[in-house]
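Survey of secondary and tertiary structure
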Amino acid sequence: EETPGEYFYAENGKRLKRYRGMGSIDAMKKGSDDRYFGSGSVVKVAQGVSGAVQDKGSVHRYVPYLVQGLKHGMQDIGAKSVEELKRQLYAGELRFELRSPAAQREGGVHGLHSFERKLFAA
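About the thresholds
Residues numbered from 1 in each chain as written. Predicted model: local features only at pLDDT ≥ 70, side-chain atom pairs only at ≥ 80, totals over all residues. Heavy atoms only, no water. Helix = DSSP H or I, 4+ residues; strand = E, 2+ residues; numbered from the N terminus. Expected span 1.5 Å × (residues − 1). Phe/Tyr/Trp six-rings, centres within 6.5 Å; stacked < 30°, edge-to-face > 60°. Lys NZ or Arg CZ within 6 Å of the ring centre and 35° of its normal. pLDDT = per-residue confidence, 0-100. Salt bridge = Lys/Arg side-chain N within 4 Å of Asp/Glu carboxyl O. Buried < 20%, exposed > 50% of the residue type's maximum accessible area, 1.4 Å probe, protein only.

**Some thoughts on helix α2 (residues 63–77)**
Its 15 residues give α2 an end-to-end C-alpha distance of 21 Å, which sits within 8% of 21 Å, the value for a rise of 1.5 Å per residue. Backbone geometry just after α2 places G78 at a positive phi near 95°.

Take a look at the structure:
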C-alpha cells in the first residue's frame, strides 16, 4: 500500500509486487530514458532490471528499528540531538572517516567458528 503497483501472488502463495528499476527497458519505455540520455536513441540498452519483490509488510513496522539505529549512531558520535549533531558539524568537531574494504572486514565479525546474526529483535 505504501509503494505504487499492484500486488499479485506467486504459485507458492507468497504476496509479491512488480519492481521496475529506473534503468530497465520497461521504465525507459515509460520515459525514464531521459535520465540515461537515451530519449533520442533508437537502440535502448538496459542499465537496470524489472522483476518482482516479496511483500515485506508495512514500513511502519521498520521505523522503530531505524530510529533506534540512528540513536545508537548519534550516541557513538556523542550528539544528544540532531541540533547538537548539526552544531558539531558546522563547528568542525564532527569527523567522518573513509574506511577501506579491508578495514570494514576487520571491523566486522571475524575469527569465530560460528555466530548467529540477528539484525533486530521483534
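There is more to say after this.
**What to know about the packing of aromatic side chains**
Any aromatic ring pair is given by two values, namely how distant the centres are and how the planes are angled relative to each other. Applying the stated rule across the entire model yields zero aromatic pairs. Seen from the ring of Y7, R15 lies directly overhead, with NZ or CZ sitting 3.5 Å from the centre. Here the basic side chain of K17 rests over the ring of Y7, its NZ or CZ set 4.2 Å away from the ring centre.

**A look at the confidence of the model for the chain**
Detail in the predicted coordinates should be disregarded across regions flagged by low pLDDT. The pLDDT averaged across the chain works out to 80; a share of 79% of its residues lies at or above 70. Taken element by element, the chain is modelled with least confidence in helix α1 (residues 25–29), mean pLDDT 70, and with most confidence in helix α3 (residues 82–90), mean pLDDT 93.

**What about the pattern of salt bridges?**
Close approach of charged atoms allows side chains with opposite charge to pair. What the rule picks out here adds up to four salt bridges. Put simply, E84 and R87 hold a salt bridge, and the shortest N to O gap is 3.0 Å. You can see E84 and its partner R87 sitting in helix α3, three residues apart, about one turn around the helix. On the basis of relative accessible area, R87 is assigned to the partly exposed category, the value being 39%. With a closest N to O distance of 2.6 Å, R95 and E97 form a salt bridge. As far as the burial class goes, R95 and E97 line up, both exposed. One continuous salt-bridge network, built from bridges that share partners, spans E84, R87 and E93.

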